[in-house]
2 protein chains.
Amino acid sequence: MAILLADTANIFWKTHRVFRGYAYLPHSLADEPVLFVIRPNELDIPGVQYIRKPEQIPAKLEELGMELPATLGLELDELPYSQAIRLQKVFPGAKVENVSVRIREARMIKTPREIKLIREDCRKHAMAYERIPKLYRTGMSDIEFQIEIERVLRQEGCLGYLRTYGGMMEINMGSVLNGANADVPSPYDFAVGGGGADLSLPVGADGEIMNPGTTVMVDMNGNFNGYQSDLTRTYAIGDLPQFAYHAHEVARHILRELEHIGVPGYPVAEMYQKAVSIARDHGLAEYFMGHRQQAGFIGHGVGIQLNEWPVIAPKSRHRLEEGMVIALEPKFVIPAVPSKTHKPVGAVGLENTYLVTADGLENLTTTPEEIVTLID
Amino acid sequence: MAILLADTANIFWKTHRVFRGYAYLPHSLADEPVLFVIRPNELDIPGVQYIRKPEQIPAKLEELGMELPATLGLELDELPYSQAIRLQKVFPGAKVENVSVRIREARMIKTPREIKLIREDCRKHAMAYERIPKLYRTGMSDIEFQIEIERVLRQEGCLGYLRTYGGMMEINMGSVLNGANADVPSPYDFAVGGGGADLSLPVGADGEIMNPGTTVMVDMNGNFNGYQSDLTRTYAIGDLPQFAYHAHEVARHILRELEHIGVPGYPVAEMYQKAVSIARDHGLAEYFMGHRQQAGFIGHGVGIQLNEWPVIAPKSRHRLEEGMVIALEPKFVIPAVPSKTHKPVGAVGLENTYLVTADGLENLTTTPEEIVTLID
């Protein structure tokens with residue numbers, strides 16, 4: 001089966017470049033691709049075939065002495081309907097197959113080159129986070145705080161663009177969630193939502209002043225080189241109720257347990273169940289992965305896109321494999337400390353990005369995990 | 001014909017909200033939509049129908065006393081193939097029609113509410129730009145300069161997310177193009193490209209120091225409320241060759257001519273031709289809208305997305321209509337001053353966002369148009 005890639009993330013995966021056009025794989029996903037490029041009009045790669053439209057591809061293949069495919073794999077889960085129909089017509093003799101799932105599964109296992117890039121991301125991401133406490137000023141809003149974090153990330157080399165799968169998860173450079181806003185449900189499949197600053201982008205910081213007794217959860221963009229890393233840390237404004245510190249320690253305990261059981265072959269659905277059962281054992285089930293709205297996962301693959309497979313969720317049929325990179329993000333949203341006060345605390349918990357090695361999970365985002373109290 | 005909207009931008013257009021789910025219009029685009037919402041699980045809109053999956057919609061329609069459609073309009077240019085097929089199966093009795101073009105054309109004409117929002121965007125966008133000259137420091141790289149502009153835009157209320165049509169035009173908060181980098185072809189349909197900081201995001205600033213004798217073209221995000229404004233201004237580091245100032249004045253002259261001829265009924269293709277002919281008359285055709293790679297348009301509609309219809313391009317069949325909002329962006333890329341030196345200057349020119357009124361074009365981005373020389 002030949003495969004014609006048109007999705008930007010998939011093209012970048014196979015070619016290490018971004019262009020408007022197609023990457024043609026004559027027989028299998030493992031092939032060296034033939035690049036059919038519409039734009040840019042100059043690309044410093046040998047053998048590039050410049051085209052104006054996909055209808056020129058069959059003639060170009062013939063020129064290259066390549067047979068037209070009997071079966072054509074297309075990314076039917078990503079390609080717009082009209083474009084898929086158009087590409088089918090370009091190869092009228094070919095039977096079309098959907099290769100989206102196959103590609104998402106292939107992309108789960110990172111190459112040594114990809115692992116090197118993600119390691120670099122994680123290192124830079126963690127380094128930028130170590131500058132976060134210095135950015136806080138008393139009386140700041142969550143957005144003001146986020147703006148300073150964005151600047152520091154960009155100064156450390158973050159590209160400022162968060163690539164997600166599926167076109168639905170719109171976000172700016174990330175999520176800074178303070179106090180009650182952490183419990184506002186959002187349309188997106190992020191672990192924790194937030195109302196956002198505007199109804200057009202209903203996620204993340206909402207512009208409220210960060211007051212004592214609340215937390216700030218920072219989950220910002222880690223794309224420094226086309227690959228993502230995912231890293232969340234929690235900060236406190238003033239003193240928190242003991243309950244919040246406790247829940248944060250439970251989140252850390254969940255990570256330690258998952259690190260312990262996470263070896264190649266382990267079913268990711270059981271990692272999810274393990275995390276939920278620890279939260280339940282500590283009486284925290286109703287706050288785990290959200291409160292008014294709960295996320296149905298505790299982690300996810302990370303790569304070119306932020307939300308790759310495997311999803312660490314109850315119905316996932318994937319098992320850990322060497323070379324996967326996954327983010328694990330046990331988080332609790334605490335709307336008010338039970339039987340003490342009704343003041344919402346916010347989100348606690350954390351997120352690390354891990355490489356699955358033969359020996360188990362290697363944390364690539366090694367920066368202190370404790371709640372840091374922010375002071376001027 | 002009933003229409004089932006699934007595209008986020010289209011849903012936002014009809015409902016003023018963003019959610020995961022569908023907006024169902026029983027008879028036409030003008031209908032009040034019935035909202036079928038998957039996520040978030042709370043939305044403060046009366047009459048919201050919460051669903052887990054689209055297969056529940058027909059039963060919900062029956063409950064609401066609504067007939068199932070004989071013809072179903074779907075966004076076939078935007079919906080992924082698999083999702084379109086799935087939605088077709090949800091309404092097995094319905095004949096499916098592609099409503100993408102119809103919606104893009106309806107969205108060309110802005111409502112009074114939309115015009116108010118875009119006016120507000122343009123005002124804030126222009127206000128933020130007036131802070132740009134103060135951000136420059138000698139020896140800055142283009143990315144360092146862009147980071148400071150991003151921060152100022154965000155401080156003025158910019159949401160930091162640039163919504164584009166088609167899923168291909170990936171970009172961070174915008175484009176800052178200095179010197180030779182302005183002539184580097186990019187895969188995207190932006191008027192001017194740039195190589196970017198990384199091969200994974202090959203557009204815009206590339207990290208080079210901004211040296212005397214070059215320009216900096218600033219074309220940054222104007223999304224303050226879910227609607228975009230589009231605004232470009234050019235700055236100089238030190239003195240530029242006279243040729244560059246001249247080309248910039250030609251770009252301003254093009255805008256004045258287009259403002260003069262741009263009344264309702266005027267074919268946008270003729271606006272394009274007018275712009276090209278002025279550039280040609282001044283001997284600047286080879287630099288117009290790029291040099292190594294030239295863009296095939298001089299402007300575009302602006303709204304929820306940055307690149308809406310009409311496209312001001314030679315093959316466009318649209319005419320100006322009252323209520324359209326368009327950005328006009330005559331730009332020149334000057335690789336080296338002919339017969340003087342071979343040092344590349346960069347891009348000159350500008351971009352304003354206009355409302356088409358009964359009387360002609362109203363500039364919504366009124367801020368000085370001259371090249372400003374940047375000094376510490």
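Overview of the structure. Quantities reported herein were computed from a predicted structural model and do not represent experimental measurements.

For the rest of this paragraph, the subject is the packing of helix 1 (residues 8-15) of chain B against helix 4 (residues 100-108) of chain B. Residues and elements named next belong to chain B. Two elements in contact, helix 1 and helix 4, have axes whose closest approach is 12 Å; the angle formed by their N-to-C orientations is 50°. With respect to helix 4, the axis of helix 1 lies oblique. Read as a crossing pair, helix 1 and helix 4 show a hand that is left-handed. In this structure, helix 1 uses A9, N10 and W13 to contact helix 4, whose residues at the interface are I103, A106 and R107.

All names here are of chain B. Taken in spatial order, the six strands line up as 4-3-2-1-5-6 in an open sheet, and their pairing is mixed. Each of the sheet's edge strands pairs with one partner strand only, and the pair in question is strand 4 (49-50) and strand 6 (95-98). Note that strand 3 (residues 34-39) and strand 4 share two bridges and pair parallel. Counterpart to V37 in the pairing with strand 4 is Y50. Contacting strand 1 (2-5), strand 2 (20-25) and strand 3, helix 1 crosses the sheet at an angle of about 55° to strand 2.

Between the two copies of the chain lies a rotation about an axis combined with a shift along it. Of the transformation superimposing chain B on chain A, the axial component is 0.0 Å and the angular component is 180°, with the fit at an RMSD of 0.0 Å. Here the two chains are linked by the operation of a two-fold rotation axis. Most of the interface of chain B is mirrored in chain A: 100% of its interface residues are interface residues there too.

A few words now on the sheet that holds strand 7 (residues 174-178) of chain B. Residue and element names in this part refer to chain B. Across the sheet, four strands lie side by side as 7-8-9-17; this open sheet has mixed pairing. Pairing within the sheet leaves two strands with one partner each, and these edge strands are strand 7 and strand 17 (372-374). The average angle at which neighbouring strand axes cross in this sheet is 25°, direction not considered. Sheet strands touched by helix 5 (residues 112-129): strand 8 (214-220) and strand 9 (232-237). Its angle to strand 8, the strand with the most contacts, is close to 150°.

The next point concerns the pattern of salt bridges. Here the structure, examined in full by the defined rule, presents 49 salt bridges over all chains. Taken together, the salt bridges that share partners define one network made up of A:E249, A:R252, A:R256, A:E259, A:E369 and A:E370.

Further remarks concern the state of the cysteines. All told, the structure shown has zero disulfides over all chains when counted by the stated rule. Here B:C158 stays free of any disulfide, with the sulfur of B:C122 as its closest cysteine sulfur at 13 Å.

All names here are of chain A. With respect to the secondary-structure elements, N178 resides in strand 7 (residues 174-178). By relative accessible area, which is 6% here, N178 ends up buried. Side chain to side chain, N178 and T214 meet in a polar contact 2.9 Å long. Of note is the side chain of N178, whose polar atom sits 3.0 Å from the backbone oxygen of T215. With residues up to four places along the chain from it excluded, the contact list for N178 reads D142, I209, M210, N211, T214, T215, V216 and I237.

All right, on to the interface of chain B and chain A then. Counting residues at the interface gives 55 residues for chain B and 55 residues for chain A. Summed over both partners, the interface of chain B with chain A buries about 4,800 Å², with 51% contributed by carbon and sulfur atoms. Sorting the residues of chain B by area buried against chain A places B:R39, B:Y81 and B:R154 first, and these three jointly supply 15% of that buried surface. Counting the contacts that link chain B with chain A gives 12 salt bridges. B:R292 is paired through a salt bridge with A:E42; the nearest N and O atoms lie 2.6 Å apart. Here chain B and chain A share 30 residue pairs in polar contact (both at pLDDT 80 or more) between them. For the side of chain B that touches chain A, the secondary structure elements donating two or more residues are helix 1, helix 3 (81-90) and helix 6 (142-155) of chain B.

Each value, and the rule that gives it
Residues numbered from 1 in each chain as written. Chains lettered and ligands numbered in written order. Predicted model: local features only at pLDDT ≥ 70, side-chain atom pairs only at ≥ 80, totals over all residues. Heavy atoms only, no water. Axes fitted to C-alpha atoms, helices over the stretch in contact; angles between N-to-C directions. Helix = DSSP H or I, 4+ residues; strand = E, 2+ residues; numbered from the N terminus. Parallel < 35°, antiparallel > 145°, perpendicular 65-115°, else oblique. Left-handed = near helix turned anticlockwise from the far one by under 90°. Contact = heavy atoms within 4.5 Å. Pairing = 2+ DSSP bridges. Least-squares fit on C-alpha atoms with pLDDT ≥ 70 in both. Salt bridge = Lys/Arg side-chain N within 4 Å of Asp/Glu carboxyl O. Disulfide = S-S within 2.5 Å. Buried < 20%, exposed > 50% of the residue type's maximum accessible area, 1.4 Å probe, protein only. Polar contact = N/O pair within 3.5 Å; in protein donor to acceptor, adjacent residues only side chain to side chain. Buried area = accessible area lost by both parts, 1.4 Å probe.

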